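# An overview of the molecular structure
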Amino acid sequence: MLKIAICDDEKIFCDILDEKITKVLNCMEETFVLKVYTNTEDLRKSELPFDVIFLDIKMPNQTGLQFAQEMRCKGNESSVIFISAFPEFVFDAFPLGAEDFLCKPIDETKLHAVLLRMIEKKRTLDTNTLWIQTNQWCKSIKLQSIFYCEVINRIIYIHTKHEVLHYYGKMEDLSNHLDDRFYRCHRSYFVNLDFVMTYANGEIILENLEHIPVSRLRQKEFMQYMLQYMKRRNYK
């Protein structure tokens, strides 16, 4: 399901864009949730993790550019599509990691192409995402952001670039949701090989300078797996 937000201070434009997006996605038979906001403050308060945000640039109190910069500083990686009646703003949009820039009035052909690309991007991300869930919440974590996973007393800790998350689970179940960049170097650890900086004397040092043990029985296998993984990555 594609989760979309529109943020523009002109309510009439929001309704028009809402109608256009709904029409395109219904034709594609794509399931989606679409929320409309007329200011960045209300968008900021939303707890829904949006895949795509259509963001107006010129708005009172806080511009779309300022809000996008704030998002990125907080680690929010939602795809941003800037919208504006002033095409010269395009040069300010892309340094903030914008996926695209749409000029008002919105061209439906261009909108169709943008939405199709966002759907394809989400499908790719979904295959590279770990979902964890407890009784109170659930959260998606991009595999590329995970340094390592460890289990302590039946609690699995996911160490990412921005935070450490934990939940009750089994390492065997976790392994079914990780890809080939992860290696189980110890009965209590999965390590992301993309972040390995050095390895010596049975210990891995990651880019965040944390030290991860490699069990004695897996040291030779780890070296072989690491070499094979590096070859696969270089050939991609």
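Our subject is the structure that appears above.
For the structure given in this document, a descriptive report is provided here.

About the cut-offs
- Residues numbered from 1 in each chain as written.
- Predicted model: local features only at pLDDT ≥ 70, side-chain atom pairs only at ≥ 80, totals over all residues.
- Heavy atoms only, no water.
- Helix = DSSP H or I, 4+ residues; strand = E, 2+ residues; numbered from the N terminus.
- Buried < 20%, exposed > 50% of the residue type's maximum accessible area, 1.4 Å probe, protein only.
- Areas by Shrake-Rupley, 256 points an atom, 1.4 Å probe, with all protein chains shown as cover.
- Lys, Arg positive; Asp, Glu negative; His and termini not counted.
- Charge placed at Lys NZ, Arg CZ, Asp CG, Glu CD.
- Phe/Tyr/Trp six-rings, centres within 6.5 Å; stacked < 30°, edge-to-face > 60°.
- Lys NZ or Arg CZ within 6 Å of the ring centre and 35° of its normal.
- Core = buried A, V, L, I, M, F, W, Y, C linked by side-chain atoms within 4.5 Å.
- Pairing = 2+ DSSP bridges.
- Axes fitted to C-alpha atoms, helices over the stretch in contact; angles between N-to-C directions.
- Contact = heavy atoms within 4.5 Å.

The helix and strand inventory of the chain stands at 7 helices and 15 strands. With respect to the principal axes defined by its C-alpha atoms, the chain has extents near 65 × 40 × 35 Å. Counting across all 236 residues of the chain, residues that qualify as buried make up 42%. Of the roughly 13800 Å² of accessible surface on the chain, 51% is carried by carbon and sulfur atoms. Between the centroid of the 31 positive side chains of the chain and the centroid of its 34 negative side chains there is a distance of 7 Å.

Evaluated as defined, the whole model comprises 6 aromatic pairs. Considering the side-chain rings of Tyr-148 and Tyr-189, the 6.1 Å spacing of their centres and the 40 degrees angle between planes classify their relative orientation as tilted. Here Tyr-189 lies in strand S12 (residues 189–192) and Tyr-148 lies in strand S8 (residues 146–152), a separation of 41 residues in the sequence. In this structure Tyr-148 comes out as buried when scored by relative accessible area, which is 4%. Ring plane angle 40 degrees and centroid distance 5.1 Å describe the contact between Tyr-183 and Tyr-225, whose orientation is recorded as tilted. Linking Tyr-183 in strand S11 (residues 182–186) with Tyr-225 in helix H7 (residues 219–235), this pair joins segments that are 42 residues apart in sequence. The exposure class assigned to Tyr-183 is buried, which follows from its relative accessible area of 5%. Its guanidinium or amino end placed over the ring of Phe-86, Lys-58 lies 5.0 Å from that ring's centre, counting from NZ or CZ. Lying across the ring of Phe-13, Lys-104 places its NZ or CZ 4.4 Å from the centre.

Moving on: the nonpolar core. Of all hydrophobic cores here, the largest spans 21 residues; its most connected members are Ile-4, Leu-17, Ile-21, Phe-54, Leu-102, Leu-111 and Leu-115. Those elements that place two or more of their residues in this core are strand S1 (2–7), helix H1 (11–27), strand S3 (52–56), strand S4 (79–84) and helix H5 (108–126). The element best represented in this core is H1, accounting for 6 residues.

Okay, the sheet that holds S1 next. Spatially, S2-S1-S3-S4-S5 is the arrangement adopted by the 5 strands of the open sheet, whose pairing is parallel. Strand pairing shows two members of the sheet lacking a second neighbour, strand S2 (32–37) and strand S5 (100–103), which therefore form its edges. Geometrically, the sheet is characterised by an average inter-axis angle of 20 degrees between neighbouring strands, direction not taken into account. Strands in contact with H1 are S1, S2, S3 and S4; relative to S2, the strand with the most contacts, it is inclined by about 170 degrees.

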